[in-house]
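Below, each chain spelled out in residue letters.
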Protein chains: 2
Amino acid sequence: MCHHCVIENVKQNMLSRRSLFKGGAAVAGAAALGALPVSAAAQSPAASMPAAAGWSDLTHELWDTFPTYFGGQQLFFEKQYDFAKDTFNLYELCLSEHTGTHIDAPLHFTADGKSVAELPIEDLICPLVVIDIAAEAEENPDVQVTPDHIAAWISANGDIPEGACIAMNSGWDRHVATDKFRNVGDDGKTMHFPGFHVEAVQMLMDETSAKAIAVDTLSLDFGPSPDFIVHNTWLPSGRYGIEGIANLGALPASGATIVVGAPKVRGGTGGPARIFAFA
Amino acid sequence: MCHHCVIENVKQNMLSRRSLFKGGAAVAGAAALGALPVSAAAQSPAASMPAAAGWSDLTHELWDTFPTYFGGQQLFFEKQYDFAKDTFNLYELCLSEHTGTHIDAPLHFTADGKSVAELPIEDLICPLVVIDIAAEAEENPDVQVTPDHIAAWISANGDIPEGACIAMNSGWDRHVATDKFRNVGDDGKTMHFPGFHVEAVQMLMDETSAKAIAVDTLSLDFGPSPDFIVHNTWLPSGRYGIEGIANLGALPASGATIVVGAPKVRGGTGGPARIFAFA
């Protein structure tokens, strides 16, 4: 049996046991969980965080059939130890790095760019700029963030902060548990969801010190993109991306700080991340 | 071929390709990477973080042969797309949840306790108490954090803050790339490294509102433990643990806040986490 077939067999075996895992394909509305105040930290007289600080969780819960760019399942579980028999529970997970709320490191679209472990933490904890295109996305799923959107944000909020993460809030996070998240068109293959336009990321590269872009959809490029042009422009510059971010609607356009819990896997091209913000 | 054998075959196949992954078994001294200032966030006039705030990275880099409690390899890579051929790089990872700097959720040692996705974010972002036993660990690798250590911390620093994470700094993080991290004794099986004593976690449960404990070793229980008694006492109470934390030596005993980027995997018993602190 060839290696590929062995892998596929393992996946099928794991898939058949998927019902072991509670929750199945249903989703508990992760988008509703954002903007929780962190009373514990605020209560601590020792903590240096302002007492009024509020934190949000920008991470979707991840389950085995979380929607994927390529359409196939990308997360598989095998229970290696079981509480009833072994006195503890433990799973082995097999997953694509680019699953769920996750990071695209420069190495994802370069021969030898920075891996996810090499992103400096000053790029992971930075000012968050939220560009709201939700109303436009409601009318046109193929809408893209353009230089005009960035210019409008600057007019309303002032200059883009140094070293910022520029996030697209298209409202698409609320579709995560439905077919609308991939939104395949009548041709049965082309996806339709918002993303960044290459001219917008070129503007960010030319005129700002932005370190990251984030989208609440499956790809930095909009759904119909034939060529990953935003990936191919942004990531080779040494900057990184976030895909599948959630709950941006709970945040102000300006003034929040994002804390990106990127996995620290040596040589990794990205990976599922736990992402918080405070504002 | 039975399922177990198929899995083992896949692992062996992946293992044989390990040399593809840069870095191999060598380690780049992750412990030396902590305590980086986050100038970007501090520079942003819009950010609500105090300008003087400093962030640390409490996460070890994770590589395929990162030392494990059970001794075997727990992380395997398969390159599914290659830049030269496919214009992008992407790996599939197979890993035990309990690998690297990682979380133990209550579900790890209970039939139906909270999964890692169910930990509320107010438990993940909380005051950090650092108990330093590094000098004792230098003399005795089997040293445990006792109620006396906690009482001494309170005498020096005041009450344990509400909802805190209590971390053991034994200095063991600096051994991560060597056999000293597992430190197997002359009998060829018993490990020797520091951990919490069950009386200390019982005291934390009885007298404080602590939400988490953290160790810079492979287990909440000290190496020679025959019975996981700390796991079996702490986790069923609904609290969680952190194993393999790094760089605690860069932090004050009191006054820091920990930000635990726990994976948000539905039904997960834990998982590799990206952990930061600011002080």
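Model, not experiment: these values are computed from the prediction.

Points about the overall build of chain A
Reasoning step 1: In terms of helices and strands, chain A carries 8 helices and 13 strands.
Reasoning step 2: Here the analysis covers contacts within chain A between residues at least 6 apart in sequence; of these, 71% occur between residues at least 24 apart.

Quick notes on the confidence of the model for chain A
Residue and element names in this part refer to chain A.
Reasoning step 1: Mean pLDDT over chain A works out to 85, with 81% of the residues at or above the 70 mark.
Reasoning step 2: The low-confidence segment residues 1-52 (pLDDT under 50) makes 98 contacts with residues lying over four places distant or belonging to another chain.
Reasoning step 3: The ipTM value of the predicted complex is 0.83, and its pTM value is 0.84.

Digging into the packing of helix H6 (residues 147-157) of chain B against helix H7 (residues 198-207) of chain B
All names here are of chain B.
Reasoning step 1: Two elements in contact, H6 and H7, have axes whose closest approach is 8 Å; the angle formed by their N-to-C orientations is 50 degrees. Classified by the angle between their axes, H6 and H7 sit oblique to one another. Each of Pro-147, Ile-150 and Ala-151 in H6 lies in contact with H7, whose residues at this interface are Glu-199, Ala-200, Met-203 and Leu-204.
Reasoning step 2: Grouping the constituent residues of the contact of H6 with H7 by class yields 6 nonpolar, no polar and 1 charged.

Structural notes on the pattern of salt bridges
Reasoning step 1: Per the stated rule, a full pass over the model turns up 14 salt bridges over all chains.
Reasoning step 2: Between Asp-82 of chain A and Lys-79 of chain A there is a salt bridge; the shortest N-O distance is 3.0 Å.
Reasoning step 3: For Asp-82 of chain A, a relative accessible area of 28% puts it in the partly exposed group.
Reasoning step 4: Overall, Lys-79 of chain A belongs to the partly exposed group, its relative accessible area being 31%.
Reasoning step 5: With its nearest N and O atoms 2.8 Å apart, the salt bridge here joins Arg-174 of chain B to Glu-138 of chain B. Pair noted here: Arg-174 of chain B is in the loop between strand S7 (165-169) and strand S8 (195-196) and Glu-138 of chain B is in helix H5 (residues 134-139), with a separation of 36 residues, a long-range link.
Reasoning step 6: With relative accessibility at 46%, the residue Arg-174 of chain B sits in the partly exposed group.
Reasoning step 7: Residue class for Glu-138 of chain B comes out exposed when judged on its relative accessible area of 54%.
Reasoning step 8: Salt bridges here are not isolated pairs; linked through shared partners, they connect Asp-57 and Arg-274 of chain A together with Lys-264 of chain B.

Digging into the packing of aromatic side chains
Reasoning step 1: Evaluation of the coordinates by the stated rule reveals 26 aromatic pairs over all chains.
Reasoning step 2: Aromatic pair Phe-88 of chain A and Phe-109 of chain B: ring centres 5.5 Å apart, planes at 15 degrees, arrangement stacked. Taken together, the residues span two chains, with Phe-88 of chain A in the loop between helix H3 (83-86) and strand S3 (90-96) and Phe-109 of chain B in the loop between strand S4 (102-104) and helix H4 (121-124).
Reasoning step 3: Residue Phe-88 of chain A is classed as buried on the basis of its relative accessible area, which comes to 7%.
Reasoning step 4: Among the residues examined, Phe-109 of chain B registers a relative accessible area of 3% and is labelled buried.
Reasoning step 5: Three or more aromatic residues joined by ring pairs form one cluster here, namely Tyr-69, Phe-70, Phe-109 and Phe-228 of chain A together with Tyr-81 and Phe-88 of chain B.

Considering the sheet that holds strand S1 (residues 55-57) of chain A
All names here are of chain A.
Reasoning step 1: With mixed pairing, the 9 strands of this open sheet are ordered in space as S1-S13-S11-S5-S7-S9-S10-S4-S12. With partners counted over all chains shown, the strands left at the sheet margins are S1 and strand S12 (270-272), one partner each. Across the sheet, the axes of successive neighbouring strands diverge by a mean angle of 25 degrees, strand direction being ignored.
Reasoning step 2: In this structure, strand S7 (residues 165-169) lies alongside strand S9 (residues 212-215), joined through 4 bridges in parallel fashion. Following the sheet pairing, Ala-167 is matched in S9 by Ala-214.

Focus: the nonpolar core
Across soluble globular proteins, nonpolar side chains show a tendency to be buried alongside one another.
Reasoning step 1: One finds Ile-166, Phe-196 and Ile-213 of chain A together with Ile-166, Phe-196 and Ile-213 of chain B to be the most contacted residues of the largest nonpolar core, which totals 90 residues.
Reasoning step 2: Among the elements that take part in this core, H7 of chain B stands out by supplying 6 residues, more than any other.
Reasoning step 3: Ignoring sequence-local partners within four residues, the contact set of Ile-166 of chain A consists of Val-129, Ile-131, Ile-160, Phe-196, Leu-204, Ala-210, Ala-212, Ile-213 and Ala-214 of chain A.
Reasoning step 4: If you look at the next biggest cluster of nonpolar residues, it comprises 62 residues, including Leu-128, Cys-165 and Leu-251 of chain A together with Ala-105 of chain B.

A look at the environment of Ser-115 of chain A
All names here are of chain A.
Reasoning step 1: Position of Ser-115 among the secondary structure elements: in the loop between strand S4 (102-104) and helix H4 (121-124).
Reasoning step 2: The spacing of Ser-115 and Gly-238 is 123 residues in sequence and 9.8 Å in space, taken between C-alpha atoms.
Reasoning step 3: In this structure, Ser-115 is in contact with Ala-105, Leu-107, Val-265, Gly-267 and Gly-268, ignoring residues within four places of it in sequence.

Notes on the environment of Asn-169 of chain B
All names here are of chain B.
Reasoning step 1: Along the chain, Asn-169 falls in strand S7.
Reasoning step 2: In this structure the C-alpha to C-alpha distance between Asn-169 and Asp-187, which are 18 residues apart in sequence, comes to 27 Å.
Reasoning step 3: For Asn-169, the residues in contact, after removing those within four places along its chain, are Val-130, Ile-131, Asp-132, Ile-133, Ala-134, Asp-216, Leu-248 and Gly-249.
Reasoning step 4: In terms of polar contacts, Asn-169 uses its side chain to reach the backbone amide nitrogen of Gly-171, at 3.2 Å.

Structural notes on the environment of Gly-238 of chain B
Residue and element names in this part refer to chain B.
Reasoning step 1: Among the secondary structure elements, Gly-238 is positioned in the loop between helix H8 (229-234) and strand S10 (240-243).
Reasoning step 2: Look at Gly-238 and you get partly exposed, because its relative accessible area is 25%.
Reasoning step 3: Each C-alpha atom of the pair Gly-238 and Thr-68 lies 25 Å from the other, and the pair is 170 residues apart in sequence.
Reasoning step 4: Ignoring sequence-local partners within four residues, the contact set of Gly-238 consists of Pro-106 and Lys-114.

Topic: the sheet that holds strand S2 (residues 75-81) of chain A
Reasoning step 1: The 4 strands lie next to each other as S2(A)-S3(A)-S3(B)-S2(B), forming an open sheet whose pairing is antiparallel. Edge positions in the sheet fall to S2 of chain A together with strand S2 (75-81) of chain B, since each of these pairs with one other strand and no more. The mean angle between the axes of side-by-side strands here comes to 15 degrees, regardless of whether they run parallel or antiparallel.
Reasoning step 2: In this structure, S3 of chain A lies alongside strand S3 (residues 90-96) of chain B, joined through 5 bridges in antiparallel fashion. Counterpart to Ser-96 of chain A in the pairing with S3 of chain B is Glu-92 of chain B.

Definitions and cut-offs
Residues numbered from 1 in each chain as written. Chains lettered and ligands numbered in written order. Predicted model: local features only at pLDDT ≥ 70, side-chain atom pairs only at ≥ 80, totals over all residues. Heavy atoms only, no water. Helix = DSSP H or I, 4+ residues; strand = E, 2+ residues; numbered from the N terminus. Contact = heavy atoms within 4.5 Å. pLDDT = per-residue confidence, 0-100. Axes fitted to C-alpha atoms, helices over the stretch in contact; angles between N-to-C directions. Parallel < 35°, antiparallel > 145°, perpendicular 65-115°, else oblique. Nonpolar A, V, L, I, M, F, W, Y, C, P; charged D, E, K, R; others polar. Salt bridge = Lys/Arg side-chain N within 4 Å of Asp/Glu carboxyl O. Buried < 20%, exposed > 50% of the residue type's maximum accessible area, 1.4 Å probe, protein only. Phe/Tyr/Trp six-rings, centres within 6.5 Å; stacked < 30°, edge-to-face > 60°. Pairing = 2+ DSSP bridges. Core = buried A, V, L, I, M, F, W, Y, C linked by side-chain atoms within 4.5 Å. Polar contact = N/O pair within 3.5 Å; in protein donor to acceptor, adjacent residues only side chain to side chain.

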